[in-house]
Amino acid sequence: MAFLTDRKRAVGMGSAKTGTEHHWQMMVTSVALLVLIPFFVFTFGAILGAPYEEVIAYYQRPFPAVVAILTMLVGWLHFRHGVQTLIEDYVHGLARKVVIIVMICVSYSAAAFAIFAIVRIAL
Amino acid sequence: MAPPSRAAVAKKGTHMADVNRGNRPLSPHLTIYRPQLTSMTSILVRISGNALIVAGLLIVWWFVAAATGPEAFARANAVLTSWFGDLVLFGSVLCLWYHTFGGIRHLIWDSGHMLDVDKSEMAGQIMIIAAVLMTIFTVIVL
Ligand code: HEM
């Protein structure tokens, strides 16, 4: 230890160098959600509670289906980046990496399942 | 308190990088920091955004069930339209609108506007009012 210079001890201890990209992703998904969320709330909300046949017919229409697909895609991408910030603030060490990886997998899986389902209903 | 002299530091066996360790101004600790509209509205953006995972997963389940068939759909739909489902979705709508207006405030801040305390507090008040109004509007329309 005594042979290490101060500079050597500091090198590599800085940021992960991906903060700018992370912030940009948050901004892009936020702006997109600003448009998508109102459309999704009032299309999904309008059909929730309807019988099975009506729901299927509704999501065979292009507009509700595409709004739902985009909302699931962009929403889960936004969540994947947002929840990472939360984890980085409160979880440390190895657990931090494990939890971030798990939440990234949950986010992509949720998006994939939702989009597969909507496409299957629509086609 | 003045920072320790170089000699004092060398004697303790510390290094240049942590000369000032323990003698820096610390950021105010939550438990002694006066709650303010700005800090409260900020932490609620975090809580509301992350809480949306519950409604998010319920909605994914609902779509997958609808794609699977009538029986699966009936099960998922029963949960989402039960009193418990209503409660979760109502809370999520409030979270969503609150978080959305909080997000708008962030985008405004990021563009370099409304950064002073007065304007930030005003934005916080607008966020709360707008979220409540949008939630009432959503409940009435849907
Ligand atoms: C119109 C819709 C939305 C807008 C404008 C928006 C905007 C934002 C912005 C700007 C941030 C960054 C806040 C910061 O820098 O501290 C953020 C964080 C976040 N958002 Fe959203 N968001 C929206 C919808 C959603 C949705 C639908 C979800 C859930 C799937 C979500 C989940 C999150 C999460 C988890 C965070 C991280 C909060 C934290 O722990 O710091 N947001 N949002």
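Residues numbered from 1 in each chain as written. Chains lettered and ligands numbered in written order. Predicted model: local features only at pLDDT ≥ 70, side-chain atom pairs only at ≥ 80, totals over all residues.

Draft legend 1. Main features of the overall build of chain A. Across its full length, chain A carries five helices and zero strands. What you see in chain A, going N to C, is helices and strands ordered as α-α-α-α-α. Within chain A, the fraction of its 123 residues that count as buried is 22%. Intrachain contacts of chain A at a sequence separation of at least 6 include 74% that bridge at least 24 residues. (Helix = DSSP H or I, 4+ residues; strand = E, 2+ residues; numbered from the N terminus. Buried ≥ 20, exposed ≤ 12 C-beta atoms within 10 Å, placed from the backbone. Contact = placed C-beta atoms within 7 Å.)

Draft legend 2. Spatial organisation of the overall build of chain B. Helix and strand counts for chain B come out as five helices and zero strands. The linear arrangement of helices and strands in chain B, starting from the amino end, is α-α-α-α-α. Within the span of chain B, comprising 142 residues, buried residues form 25% of the whole. Restricting the contact set of chain B to residue pairs at least 6 apart, pairs at least 24 apart contribute 64%.

Draft legend 3. Representation of the interface of chain A and chain B in the model. With 27 residues of chain A at the contact, the number on the chain B side is 26 residues. Counting only elements with at least two residues in the side of chain A that touches chain B, the list comes to helix 1 (6-10), helix 2 (19-47), helix 3 (52-58), helix 4 (62-90) and helix 5 (93-122) of chain A. A breakdown of the residues in the side of chain A that touches chain B according to their chemical character gives 19 nonpolar, five polar and three charged. (Nonpolar A, V, L, I, M, F, W, Y, C, P; charged D, E, K, R; others polar.)

Draft legend 4. Up close: the packing of helix 4 of chain A against helix 2 (residues 37-68) of chain B. It is at 10 Å that the axes of helix 4 of chain A and helix 2 of chain B come closest, and there the two elements cross at 130 degrees. Overall, the two elements helix 4 of chain A and helix 2 of chain B adopt an arrangement that is oblique. Relative to helix 2 of chain B, the crossing made by helix 4 of chain A is left-handed. Contacts between helix 4 of chain A and helix 2 of chain B involve Gly75(A), Phe79(A), Gly82(A), Val83(A) and Leu86(A) on the former and, on the latter, Arg46(B), Gly49(B), Asn50(B), Ile53(B) and Gly56(B). (Axes fitted to C-alpha atoms, helices over the stretch in contact; angles between N-to-C directions. Parallel < 35°, antiparallel > 145°, perpendicular 65-115°, else oblique. Left-handed = near helix turned anticlockwise from the far one by under 90°.)

Draft legend 5. Highlighting the site of the ligand. Around the ligand, the surrounding shell holds 23 residues, and the nearest of these are Leu33(A), Gly82(A), Gly49(B), Leu52(B) and Gly103(B). Neighbouring residues of the ligand are not confined to one chain but are distributed across chains A and B. Residues of the shell around the ligand, tallied by class, amount to 10 nonpolar, 12 polar and one charged. (Near = placed C-beta within 6 Å.)

Draft legend 6. Main features of unusual backbone geometry. Of note in the backbone geometry, Met114(B) takes a positive phi value of approximately 55 degrees without being a glycine. The topology assignment puts Met114(B) in the loop between helix 4 (83-110) and helix 5 (117-141).

Draft legend 7. Structural context of helix 2 of chain A. Helix length check: helix 2 of chain A, at 29 residues, gives a terminal C-alpha distance of 39 Å against a target of 42 Å (1.5 Å per residue), a fit within 8%. Within helix 2 of chain A, the axis deviates most sharply at Leu33(A), by approximately 35 degrees. The complete set of buried residues in helix 2 of chain A reads Met26(A), Thr29(A), Leu33(A), Leu36(A), Phe40(A) and Val41(A). In this structure, the buried side of helix 2 of chain A is in contact with helix 4 of chain A together with helix 5 of chain B. Trailing helix 2 of chain A by a residue or two, Gly49(A) shows a phi angle of about 105 degrees, which is positive. (Expected span 1.5 Å × (residues − 1). Bend = angle between axes of the 7 residues up to and from the residue.)

Draft legend 8. How the structure looks around the environment of Val28(A). All names here are of chain A. Relative to the assigned elements, valine 28 resides in helix 2. Valine 28 gets classed as partly exposed once you count the C-beta atoms within 10 Å, which come to 13. C-alpha separation for the pair valine 28 and valine 74, spaced 46 residues apart in sequence, amounts to 9.3 Å.

Draft legend 9. Region of the structure containing the confidence of the model for chain B. Residue-level pLDDT values for chain B average 88, and 83% of them are 70 or greater. Confidence estimates for the predicted assembly give a pTM of 0.86 and an ipTM of 0.89. (pLDDT = per-residue confidence, 0-100.)

Draft legend 10. Main features of the nonpolar core. Ala114(A), Ala117(A), Ile118(A), Trp62(B), Phe63(B) and Ala66(B) are the most contacted members of the largest nonpolar core, which totals 30 residues. Looking at this core, the elements that each hand over two or more residues are helix 2, helix 3, helix 4 and helix 5 of chain A together with helix 2 and helix 3 (70-80) of chain B. For this core, the element with the highest residue contribution is helix 2 of chain B, accounting for eight residues. Residues within four places of Trp62(B) in sequence aside, it is in contact with Ala76(B), Asn77(B) and Leu80(B). Counting 11 residues, the second largest nonpolar core, distinct from the first, contains Leu52(B), Leu89(B), Leu96(B) and Ala131(B). (Core = buried A, V, L, I, M, F, W, Y, C linked by C-beta atoms within 7 Å.)

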